[in-house]
Amino acid sequence: MNFLWIGLGLVLLIFGGDWLLKSAVALSLKLKISKVVIGMTVVSFATSAPELIVSINAALTGASDLTLGNVIGSNIANLGLVLGVTLLLCTLHVHKDFYKVNWPVMLIASVLLYVFLENDRVIDQPEGLLLFTLLISFIVYLLKTQKNKHSEIVLEDENQLSNSKIFVFFSLGCFGLWLGSELLIKGATALALEFGVTERVIGVTLVSIGTSVPELAASIIAVLKKEKAISLGNLIGSNIFNILAVIGITAMITPISLSDQKLLTSDIFWMLAIVIVLLPMVLIPKKNILNWMHGAVLLLSYILFVVFTL
């Protein structure tokens, strides 16, 4: 039954994330917000919604390690698994904004998460507020500086939806994410107890992969449609949102306490390492190009992470 709850939860998270994504993009197009801002904000937030719902739910039920494991594991999965698979299927041309804005913000967010946890093993409400404030500042910066730039992000369906359809997709998306997170948390925590596996292991592997499915699906669909691959900026944006929004909002609601020390002594260093290694990859051997070789390295790194974690 635990596997059934996990499976149903993942399915609902996938569909819920997709429906919420459709409504968010349609609303942004109605408001005439440029694609680059849509990708780095609305799309990133929509694809990070499963992590947010699961993390808040887990924290409120006392499973803080599942919250932290989900975010850290999702960030590793976004770059190692999702970007790795995408690069095996196509070559990505990286915009210079990657190393001027997006990558530095992702690195700062990642380092802040480590510093807050290292300090007292708790992310409290003031720290959560600081993370969320940084997110708002980042969004304001994007709106002011990139509103007229063209995005490399592929939107699966650019046809504008009616207001009623936007409302229906938004409602279904929210309900799917809520029910999916309930079932996923129920199954994952029970499975951890049944097999003697810690919440942290379940969080950084099974749950994080499940909540990263929207990003993976969007990347594969873009490649199969022979469109431009999903922008690296969207995955970077998702990682930024995972820390600044998911951890920030969750911590403002209830403090997030760390119990399993391996989250701090192992998992978070994997996350920092895969973030840092992206910069030389973009610059070497050919500037602003990521190809299948980079993808192979990222995917292998993710496989090694999962093996060492298990």
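Here, residues in each chain are numbered from 1, in the same order as that chain's written sequence. A pLDDT threshold of at least 70 governs which residues receive local features in this predicted model, and a stricter bar of 80 or more applies before side-chain atom pairs are shown or counted, although totals over entire chains, interfaces and linings include all residues. Side-chain descriptors were evaluated using all non-hydrogen atoms of the structure, hydrogens and water having been removed beforehand.

Asker: Sorry if this is basic, but what is going on with the overall build of the protein here?
Answerer: Secondary structure elements are defined from DSSP: runs of H or I of at least 4 residues count as helices, runs of E of at least 2 residues count as strands, and each element is numbered from the N terminus. The secondary structure content of the protein amounts to 11 helices and 4 strands. Only protein chains enter the area calculation, which uses a 1.4 Å probe; residues under 20% of their type maximum are buried, those over 50% are exposed, and those in between are partly exposed. Out of the 310 residues belonging to the protein, those deemed buried represent 54%. Pairs of residues are marked as contacts when any of their non-hydrogen atoms sit within 4.5 Å. In the protein, the proportion of contacts linking residues at least 24 apart, taken out of those at least 6 apart, comes to 86%. Entry remark: accessible area of the protein is about 13300 Å², with carbon and sulfur atoms responsible for 69%. Each accessible area value is a Shrake-Rupley result obtained with a 1.4 Å probe; residue values ignore everything except the protein chains displayed when judging cover.

Asker: Any chance you could explain the environment of Thr-41 here in plain terms?
Answerer: Along the polypeptide, Thr-41 turns up in helix 2 (residues 35-60). Put simply, Thr-41 and Leu-142 are 101 residues apart on the chain and 8.5 Å apart in space, counted from C-alpha to C-alpha.

Asker: Hey, could you run me through the packing of aromatic side chains in this one?
Answerer: Given two aromatic rings, their pairing is described by the distance between the two centres and the angle made by the two planes. Each pair of aromatic rings taken from Phe, Tyr and Trp, with Trp reduced to its six-membered ring, is defined by centres within 6.5 Å and is described as stacked if the planes are under 30 degrees apart, edge-to-face if over 60, and tilted in the remaining cases. All told, the structure shown has 5 aromatic pairs when counted by the stated rule. An aromatic cluster of at least three residues, connected via ring pairs, comprises Trp-270, Tyr-302, Phe-305 and Phe-308.

Asker: Quick question: what am I supposed to make of the pattern of salt bridges here?
Answerer: Between side chains of opposite charge, a pair can form when the charged atoms approach closely. When a carboxyl oxygen of Asp or Glu is within 4 Å of a side-chain nitrogen of Lys or Arg, the pair counts as a salt bridge. Enumeration according to the criterion identifies 1 salt bridge in this entry. Here Arg-200 ties to Asp-267 by a salt bridge, and the two come within 2.7 Å at their closest N and O atoms. Pair noted here: Arg-200 is in helix 7 (residues 199-211) and Asp-267 is in helix 10 (residues 262-283), with a separation of 67 residues, a long-range link. Its relative accessible area of 5% is what places Arg-200 among the buried residues.

Asker: Please clarify how the side chain of Asp-267 should be interpreted in this entry.
Answerer: In this structure Asp-267 comes out as buried when scored by relative accessible area, which is 0%. Within polar-contact distance, the side chain of Asp-267 engages the side chain of Arg-200 at 2.7 Å. Residue contacts for Asp-267: discarding those within four places in its chain leaves Ile-72, Ile-76, Arg-200, Val-204, Lys-262, Phe-305 and Thr-309. Polar contacts, as used here, are pairs of N or O atoms within 3.5 Å; protein pairs need one atom able to donate a hydrogen and one able to accept it. Residues neighboring in sequence count only if both atoms are side-chain atoms.

Asker: Explain a nonpolar patch on the surface here, please?
Answerer: A grouping of Leu-88, Leu-89, Trp-292 and Met-293 is seen on the molecular surface, where their side chains present a nonpolar patch of about 430 Å² in accessible area. Elements represented by at least two residues in the nonpolar patch include exactly helix 3 (64-89) and helix 11 (292-309). Inspection of the secondary structure puts Leu-88 in helix 3. Leu-88 gets classed as partly exposed once you look at its relative accessible area, which sits at 40%. Patch members must show over 30% relative accessible area and no salt bridge, and they are joined within 9 Å when carrying like charges or within 5 Å when they are nonpolar side chains of Val, Leu, Ile, Met, Phe, Trp or Tyr.

Asker: So what exactly am I meant to see when it comes to the nonpolar core here?
Answerer: What makes a nonpolar core is a set of buried Ala, Val, Leu, Ile, Met, Phe, Trp, Tyr and Cys residues whose side-chain atoms join them at distances within 4.5 Å. Among the nonpolar cores identified, the biggest contains 60 residues, and Leu-83, Leu-113, Ile-123 and Leu-278 are the most heavily contacted of them. Residue assignment for this core shows that the elements contributing at least two residues are helix 2, helix 3, helix 4 (97-120), helix 5 (125-145), helix 9 (232-253), helix 10 and helix 11. The dominant element in this core, judged by the number of residues it contributes, is helix 9, at 12 residues.

Asker: I tried to follow helix 3 on my own but got confused; where do I start?
Answerer: The α-helix winds at 3.6 residues per turn, so residues separated by three or four positions along the chain end up facing the same way. Helix span, expected: 1.5 Å multiplied by one less than the number of residues in the helix. The first and last C-alpha atoms of helix 3 sit 36 Å apart over 26 residues, in line with the 38 Å expected at 1.5 Å per residue. When the local axis directions of helix 3 are compared, the greatest deviation, roughly 40°, occurs at Ala-77. Counting buried positions along helix 3 yields 24 of 26 residues, so the element is predominantly enclosed. One axis fitted to the seven residues ending at a residue, another fitted to the seven starting there: the angle between these axes is the bend at that residue.

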